[in-house]
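Observations on the three-dimensional arrangement
Each chain, letter by letter, is given below.
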Amino acid sequence: MSLVVRPVCAHELAGAEELVVRSINDLTVRHGFGPIAASRSPDFQAFCLQDDPRGVWLAEEDSEIVGFALSWVCGRLWFLAELFVAPGRQGQGIGNELLDRTMLHASKAGATEQSLITFAFNVVSQGLYVRHGLFPRVPIHLCSAERESLMRHAQGSALRATPIRGTADDYKMLRQLDVATLGVSREKHHRYLLGDPRTEGVFLEDGGECAGYAYIAATGHIGPLAVMHAHAMPDAFRAALLIAGAGHAKQISVFVPGTNNALAIAASQGMRFALPMVLMSTRDFGDWTRYLPRNPGFM
Ligand SMILES: CC(C)(COP(=O)(O)OP(=O)(O)OC[C@H]1O[C@@H](n2cnc3c(N)ncnc32)[C@H](O)[C@@H]1OP(=O)(O)O)[C@@H](O)C(=O)NCCC(=O)NCCS
C-alpha cells in the first residue's frame, strides 16, 4: 500500500466530494451535532480547478481517494476551502501532506496572507493549522431557522434591494465593497455566483446610495453579504432575511461572525446556532463586522 498525493482531474471531483461528506459527517456525529452534510454537485470545486489547478490535491491509496484539499487565491489572499481525510485514515500524516501541497499554491501565486474556516470543536484541524502559522481569530456561527417562524419574528427597518445585473459598473461596485471589507477583489467569485441560476444577487441601497451586496440562494441560504460601513449591517441583514423569507425554502440559514451585530438580530428573530466554526489566519485580515461569509469553502 503506497500513498500518492497528486493533482486532481475534473472527473474525480465528485468522488472527492463524497469523501468530504463522509469526513464531515463522521466528525459532526462524533461531536454530537449529527450528520450535517449531504452530497452536492461539486460546482465551486470545478470552478476553482479550472481557474487555478495549483490548489487542488488528492491523496490516493490503492486507487481509493483517502484525502482531498482545495485552495483558491484572490490577490494576496490564499484561502483553504477544503481539507479532508477519510475517517479511518486520519492521524497518519495525510492531512499534513495535503496541506503542504496546497500551501505551495500560496507561495507560487504570491499570496502573502493565508486563511480558512474550520470547525470550532475540531482540536486536530486547529492544531494542524496552528503548526502551519494560522491562528484562531474570529468565531463564526451557522444560524438557522424555519422560514415561516422567522417571518413571524421579522421586525425593524431594511435596506432596499435591487438586482446585480453584472454590468461593468456593477463589477466596479462589487470590487470596491470587497476591497473595503476583505482587502482583495473577488471578481471571479462574483462571476461564479451571478452565473448560478439558483442564487439571487442584490445590491443594498441606503438613501439612493449603494451600501452593500447580498446573495440569497433558492435553498434559503444567505451569503456572502458585505456592507461599506458597519452601521448599515443590521438593515442589510434584515433585507437579506426578507428576500430569503419571501422564497420557498423550508429553512433559512446564514454564517454570522461573532463580531458582527447581525448575530444579535439572528438570535432575537429566533434563529438557532447550529454549528460553531472559527476563522483562522496568519494575520488579522478582513472586517468581519461588515462581512458575512457564504460558507467555509467559498468564504
Ligand atoms: C483535520 C484533518 C484534515 C487532518 O488530517 P490528518 O491526516 O488527520 O492529520 P495529520 O495526521 O496529518 O496531522 C494531525 C496533526 O494534528 C495535530 N493535532 C492532533 N491532535 C491535536 C490536539 N489535540 N491538539 C493540538 N494539535 C493536535 C498534530 O499537529 C498532528 O500532527 P503530528 O501527529 O505530526 O503531531 C483530518 O483529521 C480530517 O479530515 N478531520 C475531519 C474533517 C475536518 O475537520 N477537516 C478540516 C476542515 S477545515
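About the criteria used
Residues numbered from 1 in each chain as written. Predicted model: local features only at pLDDT ≥ 70, side-chain atom pairs only at ≥ 80, totals over all residues. Helix = DSSP H or I, 4+ residues; strand = E, 2+ residues; numbered from the N terminus. Domains from an automatic or database assignment. Contact = placed C-beta atoms within 7 Å. Near = placed C-beta within 6 Å. Nonpolar A, V, L, I, M, F, W, Y, C, P; charged D, E, K, R; others polar.

Considerations on unusual backbone geometry
Put simply, G223 and P224 share a cis peptide bond, and its omega is 5 degrees. Along the chain, P224 falls in strand β10 (residues 221-227). Its identity is not glycine, yet D62 carries a phi of approximately 50 degrees, on the positive side. Note that D62 resides in the loop between β2 (56-61) and β3 (64-74). With a phi angle near 65 degrees, M299 is a residue other than glycine that sits in the positive phi range.

Description of the domain arrangement of the chain
Looking at the chain, the domain boundaries give domain 1 (3-111) and domain 2 (142-292). Centre-to-centre separation of domain 1 and domain 2, based on C-alpha positions: 26 Å. Facing the nine residues of domain 1 at the interface are seven residues of domain 2. The element best represented in the side of domain 1 that touches domain 2 is helix α2 (residues 43-51), accounting for three residues.

Digging into the site of the ligand
The ligand sits among 22 residues. The nearest are Q90, G95, N96, S125 and G127. For the shell around the ligand, the secondary-structure elements that each account for two or more residues are α1 (13-30), β4 (77-85), α3 (94-109), β5 (113-119) and α4 (123-131). Per element, the largest residue contribution to the shell around the ligand is six residues, and it comes from α4. Split by residue class, the shell around the ligand holds 10 nonpolar, 11 polar and one charged.

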